[in-house]
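Per-entry structural report
As a plain string of letters, each chain reads:
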Amino acid sequence: MRRHGWLRLPFWLTYLFLYAPIVVLVVMSFNRNKSPYTWGGFSLDWYGRLAENDSIRTGLVNTLIVAFGSTVLSTVLGTLLAVGLARHTRSRLLDALSTLPAILPDLVIAIGLLVFYTAIKLTLGLHSVLIAHTVFGMAFVTAVVRARLGGMDTSLEEASRDLGAAPLTTFVKITLPTLAPGIVAGALLAFTLSLDEFVIAFFTAAPSEPTLPIVIYSMVRFGVTPEINALATLLLAVSFTVVIVAQRLTRLTEALR
Amino acid sequence: MTLISIDGVSRRFGEVTALDSVSLDIRQGEFFALLGPSGCGKTTLLRILAGFEQPDTGSVRLDGSDLLAIPAHRRPVNLMFQSYALFPHMSVEKNVAYGLERERLPRAEIRERVAAVLETVGLTAQARRRPHELSGGQRQRVALARAVVKRPRLLLLDEPLSALDKKVRSEMQLELKRLQHEVGITFVVVTHDQEEAMSLADRIAVMNGGRVEQVDAPADLYERPRTPFVAGFIGANNLFTGKVTEKGLEVDGLGVLPAPAGPVEGETAMLAVRPERIRLDPVTEDQGVLRGRVVDVSFYGGVSHVALSLAGHDRNLLAATQGRARVETGAEVVIAWDADDAALVPTEVSGGQPS
Amino acid sequence: MTARQPARFLGKAAGRLATMGPGFGFLTVFMLVPLALVLSYTVFRRGRFGGVVYEPTGENFTRLADPLYLDVVIGSVKLAAITTLLALLLGYPTAYLIAKLPARWKVIALVAVVLPFWTNFLIRTYAWIVLLNSEGPVNSGLKALGLEPVKLLYTDGAIVAGLLYAYLPLMILPLYSAVEKLDPELREASANLGARPARTFWSVTLPLSLPGVLTGCVFVFVPSLGNFVIPELLGGGRRIMVGNLIRDQFLKARDWPFGSVLALAVIAVLVLLLFAQAWASRRAGRGA
C-alpha cells in the first residue's frame, strides 16, 4: 500500500461514492419530518405507513410469485443446459448463445418479448413476466453451474460409469451432488435478479398486476415520499443479508470440499 | 578486483530470517553461483541485488558506491527471471529493445544492438515472433538477450536451466559459459542444483538457513568442505562424527579411522570420505581398520556403486569403483582409505547439520 | 456387437437432447424468435396502432439521420462516454489496489463493491434524487458553509452520477480480474530493464489489462445508452437518451419499426465493442 499512495484517493472516493447515498437513505427513513430533506428527530412512523400501503403489498406478492417461478424454471433449464454444454458439445456458438441473454441490454430483451407476445396475441400477466425473467435467469444459472463444472473432475463420472452406473444414475448420484453449491449459487442469483428487475417487467407485465419495482417506479415518479426511504431501507437490509449469507455459504461449501 | 561487496546483510520476513548477516565479495568478470536448498535465502539475496527487496541491515556496494541507494530501474544490474517474464504482448525484438529504449538511445543504435544480440543467441529468424510462439529454450534465449543487451555491470540469473529439459540444458550450459566469456559481464547464477553450479561457476557460495557456509571454487568445495553442511550437501559423502586423536578420528563403535591432520586434538569433528576414495579389499588376515558386508551392487556404466553395512554404524557406507565391481552381494570386505583423501570438518563452527 | 453401435449413437443424441433440448428450445422461442421479429420490423412500415404493415421500406433507417434523432443519439453517446470514462478513472485505481490487498481484505473490498449493486436499481436511483434535491444534504451542506445552493437535480450531471452509480461495479469487477491475473514479475522485469513506474504502467500493466478495461467499458457504456429510467428520474425528462426514445417508440408513439431500428443500433454498438474486446484479448496474448 505504501508504494501506491496516490491511488488511495480514487480508492476511497469509490467507496464513499458507493455508500454515501445508501447511508443518507437509511438515516432519512428514521426522520420524523414530513419533508424528507431535513432532520426532525427519530421516528418509525414511515415504517408503519409502509405496512398499511396496499399497492406495495400486492406488488411484493406479485414479485415473489414471479421470482419463485422463474427461479425454479431457470434453475432446472440452466443446470441441464450447463451439463449439456460441458459434456455433450464443443460448439462455441452454442456456448455464446447460452450467455447471450446476460449480455444483451435488458431493453432489447424487453421490446423483443413485447413484440413477440403481441404477435402471438398472448394476454399479459404474471406468467408473461415469469417467462421473461426465466430468459435471463437461465443464462446466469448456466454460467455459474458451467464454471463449477469446469473445475469438476470428469473422472468422477467416468468412475461411476466404470462401476456400472447408467448415464441417468450417474447424473443423479454423482453429477448433481457435486454441482449442488453451483446450482444453489445460480438459483440465488436468478432469484435476486428477478426480485430487482424492472425494465423487462415494465414491458411485459399487465397494468393490473404490477411487480414491486413497477410500484416503486410509479411512486418515485410521482414525487418523493418518506415511505420510500423506509421501503428502501428494508430492501437494502434484505439484499445485504442475502449477499452476505450467500458469501458465507459459498465459503463454507468451499471449505467443505 | 571486487565488483560487488556485500557486507553484513540481514533480512527478516515476520518470524522468518531469510538472510542472517551475509557477507560476500563478487569479483569483476567472474561467473559466481549462489547455491543452496530452497529457503536458504539465495533468492532474497538476488532480489536485494536487483533492487526488488531492501535489507534490514547491512550494505551492498558496487564499485565502491552504495547500490542500495539506487532504485531498481536505475541499477546497472539486470536479471534473467526464472519464469523469463517475457512481455507477452511484445515481439521478440520489442522485448529485447525495451531496456535500450528506456536509456533513450538513438533508434539506429537500438536496432543495431538488438540485431547483434539476437544474432549471438541465434534468434534472428524469430525476431518478429511472440513469446508464446517460441519453444522453452528459445524463450530463455530471449530472456538472456534482453538482459545482456543492456550491457549491465552485473547479470543475475535465477535458476537459469531449471525449466529446460535435459538435452537443451547441456546445450544452454555451454552457451551461457561461451556468452559470459564473450561479453565479459560478471554473472551471478542462483540455483539449488549443485551440478548446474559446479559446471557453470568459477566460484560458488553455498548458503544454508540464511547464512553463507563456504565460498570456494567448485573443486575446493568438493575436496575440502569446511562445514558439515557443505560436506553433506555437495556430492555423495560418507560422514562419521567422532573425537580427534593423534592417529585419526575416534568414532564410537568403529575405532580410530584414518583422517588428515586438522583441528585441535580432543575436539569433536566430522570426517568426510568420498565414495570413490574408498578401497575394498578381500578379507585376508587381520589387516585394515573396518570390515563391512556388501548389501547391494549397482552398475552405472562407467562406475559401480557398492553399498556396505558396517557393524556399529547405523548408516550404509557407499563406495564407488571404476568399471565393474569386483565384489558380490553378501561378501565380507575390508574397507580402507588414505588419510589424506578424507576431509576433517570441525563441527563446532556451524550449527548446520545435513539432513 | 454391431447392434450396439447405433444404440451408442442414439444414447449420445438422447443425452444431448435431454440436457440441452429444453434450454435451447426455450431460448429459441423466447429470445431468438423475438429478436428475429424485432430485426424484421426494421424494414416494414409502422401500423397505425402499433405493430407493422408488411410493406418493405427503408425510411426507418433514413429517419436516424433526422437532426431531431441524431441529436438524441449524439447526446446519449456523449453522456454514456463520460460515464464510462469516469467509471474507468475511479475503477482502475480501485481495482488495482484491491488486487494488491491481503487475501482477507480483498474479499471484503470486493463484496463491498458488489453490495450496492444487489440493491434495487430504482432505490439506488431514488437515493440520488434525495441526495441532489435543492433542499437535499449536498445543498444543505453548501448553505451551511455560506455558499449559494446549486441546481444539481434535473441536469446532465445528475444523469451521469446516476449512471455511474448504477454501473460502476460492472467496471471494477472485470478490471479487478484482469489486474489480478497479471504476473507481478512482468512489472519487476520492466523496472529491471530501466523503466520508471509510470513507464511500466503504460508499457506493460495497461496493455496487458486492456481486455479487462474494454470488458468494463462494454458493461458500462451499452447499458448506459439503453437506460431510460435514470434520464427520466434524475434528468427530469429534459434530456432524452436512446433508451427513452426506444421506450417511447414502443409504448407511446407506437412506431415499432423505428424503435426496432434504434434497438438494432444499440445491438450494433454492443457487437462492435465486443469485437474490440476480443481483438485486445488476442493482442495481449497468452501468458509468456
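Remember, it's a predicted structure, so these values are computed and weren't measured experimentally.

With that out of the way, let us pick up the interface of chain A and chain C. Across the contact, 59 residues belong to chain A and 59 residues belong to chain C. Secondary structure elements with two or more residues in the side of chain A that touches chain C: α1 (8-29), α3 (54-87), α4 (92-103), α5 (106-119), α6 (126-150), α8 (167-196), α10 (212-221) and α11 (226-256) of chain A. A total of eleven residues in the side of chain A that touches chain C trace back to one element, the largest contributor, which is α1 of chain A. Residues belonging to the side of chain A that touches chain C are distributed by class as follows: 46 nonpolar, eleven polar and two charged.

A large share of α10 of chain A lies buried, amounting to eight of its ten residues. Regarding α10 of chain A, the residues found buried are L212, P213, I214, V215, I216, Y217, M219 and V220 of chain A.

Before going further, it helps to spend a moment on the sheet that holds strand β1 (residues 2-13) of chain B. Residue and element names in this part refer to chain B. Strand order across the open sheet formed by four strands is β2-β1-β4-β5, with antiparallel pairing between neighbours. Across the chains shown, the open sheet's two edge strands, defined by having one partner strand only, are β2 (16-27) and β5 (65-66). Here strand β4 (residues 57-62) runs beside β5; their pairing, made up of two bridges, is antiparallel. Residue L62 lies in a different strand from β5, and its bridge partner there is S65. Against the sheet, helix α1 (residues 42-50) makes contact with β1, β2 and β4, and its axis sits at roughly 60° relative to β2, the strand it touches most.

Before going further, it helps to spend a moment on the interface of chain B and chain C. The interface is formed by 24 residues belonging to chain B together with 21 residues belonging to chain C. Of all elements in the fold, only β6 (77-80), α2 (92-102) and α4 (136-148) of chain B reach the threshold of two or more residues within the side of chain B that touches chain C. It is α2 of chain B that contributes the most residues to the side of chain B that touches chain C, three residues altogether.

The next point concerns the packing of helix α9 (residues 197-226) of chain C against helix α12 (residues 256-284) of chain C. Residue and element names in this part refer to chain C. Contact geometry of α9 with α12 gives a least axis separation of 8 Å together with a crossing angle of 170°. Accordingly, the angle class assigned to the pair α9 and α12 is roughly antiparallel. Side by side, α9 and α12 meet where P207, L208, L210, P211, L214, T215, C217, V218, F221, V222, L225 and G226 of the first sit next to V266, V269, L270, L273, L274, A276, Q277, A280, S281 and A284 of the second. Tallied by class, residues from the contact of α9 with α12 come to 18 nonpolar, four polar and no charged.

This part is about the packing of helix α7 (residues 156-181) of chain C against α9 of chain C. Residues and elements named next belong to chain C. Across the interface, α7 lies against α9 with an axial gap of 8 Å and an inter-helix angle of 160°. Relative to α9, the element α7 lies roughly antiparallel. Here α7 and α9 pass one another in a crossing that is right-handed. For the pair α7 and α9, contact is made by L163, Y167, L170, M171, P174, L175, S177, A178 and V179 and by S209, P211, G212, V213, T215, G216, F219, V220, P223 and S224, respectively.

With that settled, consider the nonpolar core. Buried together is how nonpolar side chains tend to be arranged in soluble globular proteins. Residues I111 of chain A together with Y167 of chain C are the most contacted members of the largest nonpolar core, which totals 145 residues. Of all the elements, α7 of chain C adds the most residues to this core, at 18 residues. Sequence-distant contacts of I111 of chain A, that is, excluding residues within four places in its chain, are made with F203 of chain A together with V38, I246, F250, G259 and A263 of chain C. Of all hydrophobic cores here, the second largest spans 104 residues; its members include V117, A145, L155 and A201 of chain B.

How each quantity is defined
- Residues numbered from 1 in each chain as written.
- Chains lettered and ligands numbered in written order.
- Predicted model: local features only at pLDDT ≥ 70, side-chain atom pairs only at ≥ 80, totals over all residues.
- Contact = placed C-beta atoms within 7 Å.
- Helix = DSSP H or I, 4+ residues; strand = E, 2+ residues; numbered from the N terminus.
- Nonpolar A, V, L, I, M, F, W, Y, C, P; charged D, E, K, R; others polar.
- Buried ≥ 20, exposed ≤ 12 C-beta atoms within 10 Å, placed from the backbone.
- Pairing = 2+ DSSP bridges.
- Axes fitted to C-alpha atoms, helices over the stretch in contact; angles between N-to-C directions.
- Parallel < 35°, antiparallel > 145°, perpendicular 65-115°, else oblique.
- Left-handed = near helix turned anticlockwise from the far one by under 90°.
- Core = buried A, V, L, I, M, F, W, Y, C linked by C-beta atoms within 7 Å.

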